[in-house]
Amino acid sequence: MSKPSPEVYERGRGMDAHNQVMRDIRSEKEAEYDPHEPTRVWLDEDNTPGGVKRSLTIILNTGGCRWARAGGCTMCGYVAESVEGGSVPHDAMMDQIQACLDHEAEEADEPAPLVKIYTSGSFLDEREVAAETRDAVAETFADRERVVLESLPDFVDADKLRDFTDRGLDADVAVGLETATDRVRHDCVNKYFDFADFEAACAEAGDAGAGVKAYLLMKPPFLTEGEAVDDMVSSVERCAAVDNCHTVSMNPCNVQRYTMVDELHFRGGYRPPWLWSVAAVLERTADADAIVVSDPVGHGSDRGPHNCGDCDDRVQKAIKDFDLRQDPSVFEQVSCDCERTWELVVSEEPSFGAPLTR
């Protein structure tokens, strides 16, 4: 009996196949974006190790995540909003920062003590944000209390973070870990690094006196509702046990354009998670040794985390209340008949038949 050649057997499988599919999907993008304008900016409140703080959240428009340009994560469509060409000049990046400051001045009475800076890629990747720009951003916000910087673990470097900590800022790195389970991260999310790399990034951040905020993804494609809940509970607990990881943000997957998840959803092969699932994970991990929060984007819509439609806003409000108070009793105050349907889905949905309900 002949044996298959490993080279032939592996060709076009796994990550390579995922990347090829997503490059094809993302080639459909037609919109163009102004390199002098940020992707988004808004004001909010966030729970931090120093308590609840008013926050200014900035999503800079860069040349896009390096991994996403190769194909990238199955659920992430943010690269479709990036500037063509792979890079944005320093002056244009600083124009974006000024636009965010102008927005803050118009909407708030005083500057927010917390500034969160995302690129939908890696702020610490110098091919995405140059060292000159990073230093200028650190100087711009040196009068604030705390800054959060988004990055993949590869680019977390103590010297880069010292641009911020040496100016007296409390700094955190927001790492898109997605899950503590390597197989789920590789096969369902199509992210290339391991949990050990996240642990190393936490240690590297600690060398600069910075902390880490882990971002998890509830229900990537190819998991049932019950599997997604169990994976998140385990992931929160494992992240909270890592030195220097003080916050875990569990984000339910939503359906973004130009993604594999979008293709699956269109064909009836994917349903975003139930809001009841989010509440269940928060309840089950309320005693974790970390701040655990969630931000269900697009809640109540077909393409976002949702229940039956009648109770979505109430459950979303309870989740946001939990984020600020860390009190699981808030979920005892919301109920709906659809919770029984959710319980059935969690217990009976088979992987080959997912999703069991829309």
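None of the values given here were measured: they were computed from a predicted structure. Residue numbers run consecutively from 1 along every chain, following the written order of its sequence. Side-chain atom pairs in this predicted model are given and counted only at pLDDT of 80 or more, local residue features only at pLDDT of at least 70, and totals for whole chains, interfaces and linings cover all residues. In computing side-chain values, all of the structure's heavy atoms are included and hydrogens and water are not.

Novice: I'd like to hear about the confidence of the model for the chain, residue by residue, with values.
Specialist: pLDDT is a per-residue confidence score from the predictor, ranging from 0 to 100. Within the chain, residue pLDDT values average 91, and 93% of them lie at 70 or more. Contacts are assigned to residue pairs that have any heavy atoms within 4.5 Å of one another. Ignoring residues within four places in sequence, the model shows residues 1–6, a span with pLDDT below 50, making zero contacts including any to other chains.

Novice: Let's hear about the side chain of lysine 191: which residues, and what values?
Specialist: Mapped onto the elements, lysine 191 comes out in the loop between α7 (182–189) and α8 (195–207). Within polar-contact distance, the side chain of lysine 191 engages the side chain of glutamate 178 at 2.6 Å. Contacts of lysine 191, omitting those with residues within four sequence positions, involve Met15, Trp67, Cys73, Leu152, Gly176, Glu178, Arg185 and His186. Under the DSSP-based scheme used, a helix requires at least four consecutive residues in state H or I and a strand at least two consecutive residues in state E, with every element numbered from the N terminus. Any pair of nitrogen or oxygen atoms within 3.5 Å is treated as a polar contact; in protein, a donor-acceptor pairing is required on top of that, and neighbouring residues in sequence qualify only through side-chain atoms on both sides.

Novice: I'd love a proper account of the nonpolar core, names of residues and values included.
Specialist: Take the buried Ala, Val, Leu, Ile, Met, Phe, Trp, Tyr and Cys residues and link them wherever side-chain atoms come within 4.5 Å; each set so joined is a nonpolar core. Burial classes: relative accessible area under 20% of the type maximum marks a residue as buried, over 50% as exposed, and values in between as partly exposed (1.4 Å probe, protein chains only). In this structure, Ile117, Phe123, Leu161, Phe164, Phe198, Cys239 and Trp276 are the most contacted members of the largest nonpolar core, which totals 91 residues. Here this core gets seven residues from one element, more than from any other, and that element is helix α11 (residues 275–284). Ignoring any residue separated from it by four or fewer positions in sequence, one finds tryptophan 276 in contact with Asn307, Cys311, Val315, Val334, Ser335, Cys336, Cys338, Glu339 and Trp342.

Novice: Describe the pattern of salt bridges, with residues and values.
Specialist: Salt bridges are defined by distance alone: a side-chain nitrogen of Lys or Arg within 4 Å of a carboxyl oxygen of Asp or Glu. Taken as a whole, this structure holds 24 salt bridges when the rule is applied. Measuring nitrogen to oxygen at the nearest pair gives 3.7 Å for the salt bridge that ties arginine 144 to aspartate 143. The exposure class of aspartate 143 is exposed, given its relative accessible area of 63%. Salt-bridge contacts for arginine 325 lead to aspartate 321; the nearest nitrogen and oxygen are separated by 2.8 Å. Here aspartate 321 and arginine 325 lie together in helix α12 (residues 312–325), a separation of four residues that amounts to about one turn. With a relative accessible area of 48%, arginine 325 lands in the partly exposed category.

Novice: Describe the environment of proline 111, with residues and values.
Specialist: Secondary-structure assignment places proline 111 in the loop between α4 (90–107) and β3 (114–118). In this structure proline 111 comes out as partly exposed when scored by relative accessible area, which is 49%. Beyond its immediate chain neighbours, meaning those up to four positions away, proline 111 contacts Arg54, Glu104 and Arg144.

Novice: Can you tell me about the packing of α4 against helix α5 (residues 131–140), naming the residues and giving the values?
Specialist: In this analysis, axes come from line fits to C-alpha atoms, helices being fitted only over the stretch in contact, and the angle between any two N-to-C directions falls in the range 0 to 180 degrees. Their axes nearest at 10 Å, the elements α4 and α5 cross at an angle of 25°. Between α4 and α5, the crossing angle belongs to the class labelled roughly parallel. For α4 against α5, the interelement crossing comes out right-handed. Contacts between α4 and α5 involve His90, Met93, Met94, Ile97 and Leu101 from the first element and Glu132, Thr133, Ala136, Val137 and Thr140 from the second. Orientation is classified from the angle alone, with under 35 degrees giving roughly parallel, over 145 giving roughly antiparallel, 65 to 115 giving roughly perpendicular, and any other angle giving oblique. Working rule for handedness: look at the near helix, and if it is turned counterclockwise from the far one by less than a right angle, call the crossing left-handed; if clockwise, right-handed.

Novice: Could you give me a rundown of the sheet that holds strand β5 (residues 170–178), with the residues and numbers involved?
Specialist: Pairing between strands is defined by DSSP: at least two bridges between them are needed. Taken together, eight strands build an open sheet; the order of strands is β1-β2-β3-β4-β5-β6-β7-β8 and the sheet is mixed. Edge positions in the open sheet fall to β1 (40–48) and β8 (291–294), since each of these has one partner strand only. Taking the axes of each pair of neighbouring strands and ignoring which way they run, one obtains an average angle of 25° across the sheet. As paired strands, strand β7 (residues 245–252) and β8 are joined by four bridges and run parallel to one another.

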